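Examining the three-dimensional arrangement
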Amino acid sequence: MMSRRLGDKSSLLPHCKHTLLISVQLLHIYLFCYRFLPSTATMCKGLALLPTTCLERAKELKAKLGSFLQKPDWSLASCKIGKTRPTLEQCMRWKESFEKLLSNKHGLMAFTSFLVSEFSEENIAFYVACEDFRSTKSAAKLAAKAQRIYDEFICTDAPREVNIDHETRDITRANLKDPSTSCFDMAQHRIYLLMAKDCYPRFLRSPAYKDLISQLRAKCTSISKKA
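None of these values were measured; they are calculated from a predicted model.

1. Things to note about the pattern of salt bridges
- Evaluated as defined, the whole model comprises eleven salt bridges.
- Residue Arg202 pairs with Glu118 through a salt bridge whose shortest N-O separation is 2.4 Å. In this pair, Arg202 sits in helix α11 (residues 185-205) while Glu118 sits in the loop between α7 (105-117) and α8 (122-134), placing the two residues 84 residues apart along the sequence.
- Here the salt bridges share partners, and the residues they tie into one network are Glu118, Asp198 and Arg202.

2. Describing helix α10 (residues 166-175)
- All buried positions along α10 are accounted for by Thr168, Arg169 and Thr172. The buried residues of α10 occupy an angular sector of 100° when projected down its axis, which confines them to one face. Exposed residues pointing more than 90 degrees away from the buried face of α10 are listed as His166 and Glu167.
- On its buried face, α10 is in contact with α9 (139-154) and α11.

3. Here's the deal with the packing of α7 against α11
- It is the contact of α7 with α11, at a shortest axis distance of 10 Å, that shows an interaxial angle of 95°. Regarding the angle of α7 to α11, the classification is roughly perpendicular. The residues of α11 that touch α7, namely those facing Ala110, Phe111, Phe114 and Leu115, are Met195, Cys199, Tyr200, Arg202 and Phe203.
- Residues that form the contact of α7 with α11 fall into these classes: eight nonpolar, no polar and one charged.

4. A word on the side chain of Thr172
- By secondary structure assignment, the location of Thr172 is in helix α10.
- At 2.7 Å, the side chain of Thr172 and the backbone oxygen of Thr168 are in polar contact.

What counts and how
- Within any chain, residue numbers begin from 1 and follow the written order of that chain's sequence.
- pLDDT decides what is reported in this predicted model: residues at 70 or higher carry local features, side-chain atom pairs at 80 or more are listed and counted, and totals for whole chains, interfaces and linings draw on all residues regardless.
- Calculated side-chain values reflect all of the structure's heavy atoms, with hydrogen atoms and water omitted.
- For salt bridges, the criterion is a side-chain nitrogen of Lys or Arg within 4 Å of an Asp or Glu carboxyl oxygen.
- In DSSP terms, a helix is any run of H or I states spanning at least four residues, a strand is any run of E spanning at least two, and both are numbered starting from the N terminus.
- Three labels apply to residues, based on accessible area from a 1.4 Å probe with only protein chains included: buried if under 20% of the type maximum, exposed if over 50%, partly exposed otherwise in between.
- Working note: the arc is built from the helix axis to C-beta atom directions.
- We call two residues in contact when some of their heavy atoms are within 4.5 Å.
- Lines fitted to C-alpha atoms define the axes, with helix axes restricted to the stretch in contact, and inter-axis angles between N-to-C directions lie between 0 and 180 degrees.
- Oblique is the label for every angle not falling under 35 degrees (roughly parallel), over 145 degrees (roughly antiparallel), or within 65 to 115 degrees (roughly perpendicular).
- Gly falls in the polar group here, along with every residue not listed as nonpolar (Ala, Val, Leu, Ile, Met, Phe, Trp, Tyr, Cys, Pro) or charged (Asp, Glu, Lys, Arg).
- Counted as a polar contact is a pair of N or O atoms within 3.5 Å, where, for protein atoms, one must be capable of donating a hydrogen and the other of accepting one, and residues adjacent in sequence contribute only when both atoms are in side chains.

Take a look at the structure:
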């Protein structure tokens, strides 16, 4: 009886197999994105191997997730560091220059949150790692720290590979042979310019930043009325 039922539905097997294959492939994409958040270059290599139908569905998912993740979901609480929160004056100062944004601890946190929503947080992570590396005092730790940064952000197929040109990559690799606190300076400068030119303007235009300003203005208005 069971074999007869299966035989009656044998014509459906090719369609089931195709649907299952696409579902498994999409599941792999979802898990890979959420668990590892790879760089754009790494994701493109994997996506290029998938069928057109799968890619179309993945693009639909990306559009849905993108609109969800980029909603203005920052609040004063999310920018809180210890017992301190950003003031309206601080947030307005972020507009003056990219340097002023990064030099403010609340600004750095807000900008990092924005890049996470755009799946490009590897840029700010690399920049911060270089800042920390430059302050390394122990010569004994210098080589190991340099190699970790290179393996994570610079080398081919690095888990958080940043977008730098081949010349900068080669020079940075050569610098590791005799590491110093300045061996990532060129690469860090390239990423700084990239964020300043591309990510920073988008951050200032983002609904999240505008919403944060509105929250702080409303808070200031409320306090002044009570006074």
